[in-house]
Amino acid sequence: MRELEIARQLAEAVFEDGGRAYFVGGYVRDARMGVQTKDIDIEVYGIAPARLRELLSRFGQVFEKGASFGVLSLEHTNLDIAMPRRESRTGERHTDFDVSVDPALSTQEASRRRDFTVNAMMMDVLSGEIIDHWGGLRDLESGVLRHVAADTFPEDALRVFRAAQFAARFEMRVAPETVELCRGMDVRALTRERVFEETAKALLKAKQPSVFFAVLEEMNHLEEFFPEVAATRGVPQNPKYHPEGDVYRHTMLVLDQAAALRHRAVEPLFFMFAALCHDLGKIDSTRMEPDGRITSHMHPASGRPLAERQLRRLSDNARLLRYVDDMVGNHMRPNAMAMCQSKKKKTRLLFDASVCPEDLILLSRADASGKLSGPYDERLEQFLLERLRDWREAAAQPMVTGQDLIAAGLTPDERFKPMLERARVLRFAGLSKERALAQVLSEFGAG
């Protein structure tokens, strides 16, 4: 890796000037875990800032990645080079820190500002020696996520969500004293962008993303940014179909099943958010029938506004909102059609209307698998994949276009959209383009 060679050469130049260079943070943690990472963080001690910039410029164009935090980088690399610094919080925003760079700071004092012991380890770039002031190696081997210092850890409330996503990604348990510390932290001033970023890491990188939400729940911080998800706790389900328990338990099982399928998804992150939100409608639609049965017949429809409300707490991404809205509204239909062996017209129309039919099939599989009533019936997906191929073949056939309507003597107006939609339905029903055009002209009185 080019970055590692630059790191070694920089460390040699620093050493010649009387300083030392260390790998820090996630790079050291991942190296000890045998995990490859493209981002490399280095901290340089004993070198004045101006001299460090001068040494670094030998390897390329230097730019300040975090000028107020003493962080430099090289263009076209994944290298971040920082100087040891002291930090103290001055306000509630994540940028509200008083930072002072101090090249003479000890490695112990500098590493004390880090969040978790497993992230506070340092590795000498030249010798490979591990500097571990806070027991990070021990915690890494034990699978424990523990804060470094109780007085500095609460200065950044995002660490609550970082703890949850690290626990999920690295299959670690959060130390009881860290859980207790997080319970007392106020996360309400965090920006949704920062919470979204941590959530996305858990959804995309964890084998069991449910751990992310379990840790937030344990820390009493599920409600601030995930109130709709939290509201599924205690919402009952028909035990005949959902022996796993309430809607929250089912959602977490579906989320983990979706994680096993996300490598097949067209939109992996959107797919995971759809899995998280797919049954929010049961909050409002669940009913106890007179005969004692628990039903939630309208939950796909009632879930759409709840899913939007939940997602807007994290993002205004229009593509994400549209994708999840469509998935939530249609997530029950694929399995229902597969079980009753629906005609091709129905499956063609479903897939044609779907924002992403490939992912809709995966979501239906995750939903059916996220319960404790038995193994997933592979015949369901086999049927749906066969019908997906059928839809693609049908969609490749000639369809009525606006130019066809114009050629038939019509002037473009507000009728064109419904006419083209109707013609597409007729084509998927098996009519040729010519017959579909003739019928649409007749139905709309334009023949």
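Described in the following lines is the structure provided in the data block.

What counts, and at which threshold
- Chains are numbered independently. Their residues run from 1 in the order of the written sequence.
- Local features in a predicted model are, by the rule used here, given only for residues with pLDDT of at least 70; side-chain atom pairs are given and counted only at 80 or more, and totals for whole chains, interfaces and linings are based on all residues.
- Only hydrogens and water are set aside when side-chain values are computed; all heavy atoms of the structure are taken into account.
- Ring geometry is summarised as follows: Phe, Tyr and Trp rings, the Trp one being its six-membered ring, pair when their centres sit within 6.5 Å, and such pairs are stacked at plane angles under 30 degrees, edge-to-face over 60 and tilted between the two.
- Burial classes follow relative accessibility: with a 1.4 Å probe on protein chains only, a residue under 20% of its type's maximum area counts as buried, one over 50% as exposed, and anything between as partly exposed.
- Helix and strand definitions here come from DSSP, where helices need a minimum of 4 consecutive H or I residues and strands a minimum of 2 consecutive E residues; each element is numbered from the N-terminal end.
- Note on definitions: a residue-residue contact is assigned when non-hydrogen atoms from the two residues lie within 4.5 Å.
- What makes a salt bridge here is a side-chain nitrogen of Lys or Arg within 4 Å of a carboxyl oxygen of Asp or Glu, nothing more.

**Quick word on the packing of aromatic side chains**
A full pass over the atoms with the stated rule returns 11 aromatic pairs. With 4.6 Å between their ring centres and 40 degrees between their planes, F23 and Y27 make a pair best called tilted. In this pair, the class of F23 matches that of Y27, namely buried. Aromatic pair F116 and F166: ring centres 5.9 Å apart, planes at 90 degrees, arrangement edge-to-face. With F116 in the loop between α4 (107-111) and β8 (122-124) and F166 in helix α6 (residues 159-169), the pair connects residues that are 50 residues apart, well separated along the chain.

**Let's talk about helix α12 (residues 268-277)**
Within α12, nine of the 10 residues are buried, which leaves it mostly tucked inside the rest of the structure. Looking at α12, one finds that the buried residues are L269, F270, F271, M272, F273, A274, A275, L276 and C277.

**Comments concerning the environment of I42**
In this fold, I42 is placed in strand β2 (residues 40-45). A residue is classified by how much of its surface remains accessible, and I42, at 1% relative accessible area, is buried. Put simply, I42 and A120 are 78 residues apart on the chain and 12 Å apart in space, counted from C-alpha to C-alpha. Residues in contact with I42, not counting those within four places in the same chain, are A7, A21, Y22, F23, V24, L79, D80, I81 and A82.

**Examining the environment of G303**
As for its position among the elements, G303 is in helix α14 (residues 299-312). You can call G303 buried: its relative accessible area is 0%. With 91 residues separating them along the chain, G303 and F212 place their C-alpha atoms 22 Å apart. In contact with G303, other than residues within four places in its own chain, are L280, G281 and V328.

**Thoughts on the pattern of salt bridges**
Within this structure, the stated rule accounts for 42 salt bridges. The partner of R20 in a salt bridge is D124, with the nearest N and O atoms 2.3 Å apart. Highlighted residues: R20 in strand β1 (residues 20-24) and D124 in strand β8, separated in sequence by 104 residues. The exposure class assigned to R20 is partly exposed, which follows from its relative accessible area of 34%. Residue classification places D124 among the buried positions, given a relative accessible area of 2%. Where E378 meets R365, a salt bridge forms, and the shortest distance between an N and an O atom there is 2.7 Å. Here R365 lies in helix α18 (residues 357-369) and E378 lies in helix α19 (residues 378-395), a separation of 13 residues in the sequence. Judged by its relative accessible area of 46%, E378 falls in the partly exposed class.

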